[in-house]
Amino acid sequence: MNAKVSKSEVWGSVEAPPSKSYTHRAIVIGSLGKYSKIQKPLLSADTLATVDACRALGAEIKVEGEEIEIAGVIGKPKVPDNVIDAKNSGTTLRLCMSMAALADGATVFTGDESLRKRPNKPLIKALNDLGAVCYSTRGTGTAPIVVHGVMEGGKISIDGGISSQFISSLLISCPFAKNETRIEIEGELKSRPYIEVTLEMLEKAGAQVATNFKEFVIPTEQEYDLRSYRIPGDFSSASYMVAAAAITGTKVTVNNLFESKQGDSAILEYLLDMGANVYWDTEKGSVTVEGGELHGIEIDASATPDLVPTLAVLGACAKGTTRIVNAEHVRFKETDRLKAMANELKEMGVDIIEKPDGLVIKGGMMRGAHVEGYDDHRIVMSLAIAGLVATGTTTITDADAINISYPGFFDDLKKLGAKVEF
Ligand SMILES: O=C(O)C1=C[C@@H](OP(=O)(O)O)[C@@H](O)[C@H](O)C1
Ligand SMILES: C=C(OP(=O)(O)O)C(=O)O
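An unreviewed UniProt entry annotates the chain as 3-phosphoshikimate 1-carboxyvinyltransferase originating from Methanooceanicella nereidis. Turning to the chain, the UniProt annotation filed under Pathway (unreviewed entry) states: "Metabolic intermediate biosynthesis; chorismate biosynthesis; chorismate from D-erythrose 4-phosphate and phosphoenolpyruvate: step 6/7." Under Catalytic activity (unreviewed entry), UniProt gives the following word-for-word description of the chain: "3-phosphoshikimate + phosphoenolpyruvate = 5-O-(1-carboxyvinyl)-3-phosphoshikimate + phosphate".

Now the structure itself:
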């Protein structure tokens, strides 16, 4: 499906959808526990892929209205009856690989064309080092991947520079291994806030992990009890709406945004630094952003990879130069997002240079164009925001990719007054 976005202004308020990262974790942690209820989960293609994967591994999961009810496997997943398809979701594949390593038998994971290109070598190596047998069927580190349990625990080291999801995955499942697990991080740890989200949720479930973020020590014989858990709003999803206000020079309020461990709340600091007015009422959970004249800044995206497409669009609308650095890992997402944003913003007339670790963008006028969504939700949503300020109309392919993380994206954008047609 193509979306056609025409130059328009956005005013008013919307509700941030529930956090994708918190929802995935609540489902997996709940599935490894006894009984839990998740309130206001994100129901999107990615989180439903996790529901299906956890069901295949033995959890009984009911999705009803705004609640997910889980009767978990209490640390002992079953061997699935069939292959698990993690579809487009890196989080599903990675978090469930370690869960499968607790089952006494083999699990086969696959995914869609994009997921089958994404790297997993460090996690495959870690699971083997912990006593499981794990391999990529093509020997490339990509799915299809076979995981044969049972992992026993032990002392390992893992590369921290490709995906924090490998570490989150081990942190969630190793408490059920026979022995204590010690994980040492090699090199720079990218996407660290996502590990903080994992640790926060593990703590809520009553688990214990000791860490200084160089080493993680996970005691054995633990149990999870998440009970009733309410998912907070998603700052990565909210970034599109607040960026829309900032670049169109209007005022938008996004509700359901309370303080949490989400690194992507940094979007508010970036907007402030660029010259927008930002007001966050942390009690009410409401963020109001009012656009003004934006100017370019330098952003280290190590901790906030999912903001990069949004930041590239902000840079294209800001006076002067915006530099996004330390973002090599953004190439390992649903698509190579550095390349994708450079290609498509160039198509819209933007002066943008792709660097090995980031983007250099000189702000200026944007013109409407026919641009590629690369079947990637974040590319589609950020290009749709760019379409609000470009001259004429911007046509974006693969618009249904929004169902991955923010199914109500275009409805919300229209509610704010954007001109969108399909
Ligand atoms: O753990 C998570 O929920 C996520 C971690 C990040 O991935 P990396 O750790 O691979 O950078 C992020 O990009 C992804 O959207 C969600
Ligand atoms: C990269 C993302 O998710 P995942 O890794 O779960 O596919 C994302 O949501 O931008």
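Resuming the write-up.
Colleague: Even after reading the chapter, I still don't get the overall build of the chain, so can you show me in this structure?
Modeller: Across its full length, the chain carries twelve helices and 24 strands. Radius of gyration (C-alpha) of the chain: 21 Å, near the 22 Å computed for a compact globule of 422 residues. Overall size of the chain, expressed as C-alpha extent along the three principal axes, is 60 × 40 × 40 Å. Counting only residues that meet the buried cut, the chain has 56% of its 422 residues in that class. Expressed as a percentage of contacts within the chain between residues at least 6 apart in sequence, the contacts between residues at least 24 apart total 73%.

Colleague: Sorry, what's going on with the sheet that holds strand β12 (residues 210-211) here?
Modeller: What links the strands of a sheet is backbone hydrogen bonding, and the strands pair in either a parallel or an antiparallel sense. Here four strands make up an open sheet; going across it, the order is β10-β11-β13-β12 and the pairing mixed. Each edge of the open sheet carries a strand with a single partner, namely β10 (154-159) and β12. The strands touched by helix α5 (residues 165-173) within the sheet are β10, β11 (181-186) and β13 (215-218), with β11 carrying the most contacts at an inclination of about 170°.

Colleague: Looking at this structure, how should I read the environment of Ala49?
Modeller: Inspection of the secondary structure assignment puts Ala49 in helix α2 (residues 45-56). In sequence terms Ala49 and Met381 are 332 residues apart; their C-alpha atoms lie 21 Å from each other.

Colleague: Please clarify how the site of ligand 2 should be interpreted in this entry.
Modeller: Taken together, Asp46, Ser89, Gly90, Thr91, Asp306, Lys333, Glu334, Arg378 and Ser405 are the residues near ligand 2. When its residues are assigned to classes, the shell around ligand 2 shows no nonpolar, four polar and five charged. Counting only domains with at least three residues in the shell around ligand 2, you end up with domain 1 (3-17 + 233-421) and domain 2 (20-219).

Colleague: Hey, could you run me through the UniProt feature "active site" (unreviewed entry) in the chain in this one?
Modeller: As annotated by UniProt and renumbered to match this structure, "active site" (unreviewed entry) occupies Asp306. Along the polypeptide, Asp306 turns up in the loop between β18 (298-300) and α9 (308-316). Look at Asp306 and you get buried, because 26 C-beta atoms sit within 10 Å. Discounting chain neighbours no more than four positions away, the residues touching Asp306 are Ser236, Asp264 and Arg378.

Colleague: Would you explain the packing of helix α3 (residues 90-100) against α5 in this entry?
Modeller: Each packed pair of helices is defined by two parameters, the angle between the axes and the distance between the axes. For the pair α3 and α5, interaxial distance at closest approach is 8 Å and the crossing angle is 40°. Crossing of α3 over α5 shows right-handed handedness. On α5, the residues that touch Gly90, Thr91, Arg94, Leu95, Met97, Ser98 and Met99 of α3 are Gln165, Phe166, Ser168, Ser169, Leu170, Ile172 and Ser173. Taken together, the residues of the contact of α3 with α5 sort by class into six nonpolar, seven polar and one charged.

Colleague: What is the right way to read the site of ligand 1 from this model?
Modeller: By nearness alone, 13 residues border ligand 1, and Ser21, Ser163, Ser164, Ser191 and Tyr194 come closest of all. Among the secondary structure elements, those contributing two or more residues to the shell around ligand 1 are α1 (20-32) and α5. Considering only residue class, the shell around ligand 1 consists of two nonpolar, nine polar and two charged. Per-domain counts for the shell around ligand 1 show at least three residues from each of domain 1 (3-17 + 233-421) and domain 2 (20-219).

Colleague: I would appreciate a short explanation of α9 in the present structure.
Modeller: One full turn of an α-helix is made of 3.6 residues, so residues set three or four places apart face in the same direction. Of all the nine residues making up α9, nine are buried; the element is thus mostly covered by neighbouring parts of the structure. Three or more residues of α9 are buried, namely Val308, Pro309, Thr310, Leu311, Ala312, Val313, Leu314, Gly315 and Ala316.

Colleague: Help me understand the pairing of strand β5 (residues 67-71) in this model?
Modeller: Every second residue of β5 is oriented toward a common face, the buried set being Ile68 and Ile70 and the non-buried set Glu67, Glu69 and Ala71. Here strand β3 (residues 35-39) pairs with β5 via five bridges, running antiparallel. Its bridge partner lying in β5, Gln39 is registered against Glu67. By the bridge criterion, five bridges tie strand β4 (residues 60-64) to β5 in an arrangement that is antiparallel.

Colleague: Would you explain the domain arrangement of the chain in this entry?
Modeller: How big an interface is tends to be expressed through the accessible area that disappears when the partners come together. Along its sequence, the chain is organised into domain 1 (3-17 + 233-421) and domain 2 (20-219). If you average the C-alpha positions of domain 1 and of domain 2, the two centres end up 29 Å apart. Counting residues at the interface gives 17 residues for domain 1 and 19 residues for domain 2.

Colleague: How should I be thinking about α5 in this particular structure?
Modeller: Of all the nine residues making up α5, nine are buried; the element is thus mostly covered by neighbouring parts of the structure. Buried within α5 are the following residues: Gln165, Phe166, Ile167, Ser168, Ser169, Leu170, Leu171, Ile172 and Ser173.

Colleague: Whenever I open this one, the sheet that holds strand β1 (residues 3-6) confuses me. Can you help?
Modeller: The strand order β22-β23-β1-β24 describes an open sheet built from four strands, whose pairing is mixed. One side of each edge strand has no neighbouring strand; the edge strands of this open sheet are β22 (370-371) and β24 (419-421). Pairing of β1 with β24 involves three bridges; the strand directions are antiparallel. Residue pairing in the sheet places Lys4 in a bridge with Glu421 of β24. In this fold helix α11 (residues 377-387) packs onto β1, β22 and β23 (393-396), with an angle of close to 170° to the strand it touches most, β23.

What counts and what doesn't
- Residues numbered from 1 in each chain as written.
- Chains lettered and ligands numbered in written order.
- Predicted model: local features only at pLDDT ≥ 70, side-chain atom pairs only at ≥ 80, totals over all residues.
- UniProt positions renumbered as here; feature names shortened; annotations may be inferred.
- Helix = DSSP H or I, 4+ residues; strand = E, 2+ residues; numbered from the N terminus.
- Rg over C-alpha atoms; globule rule 2.2 N^0.38 Å.
- Buried ≥ 20, exposed ≤ 12 C-beta atoms within 10 Å, placed from the backbone.
- Contact = placed C-beta atoms within 7 Å.
- Pairing = 2+ DSSP bridges.
- Axes fitted to C-alpha atoms, helices over the stretch in contact; angles between N-to-C directions.
- Near = placed C-beta within 6 Å.
- Nonpolar A, V, L, I, M, F, W, Y, C, P; charged D, E, K, R; others polar.
- Domains from an automatic or database assignment.
- Left-handed = near helix turned anticlockwise from the far one by under 90°.

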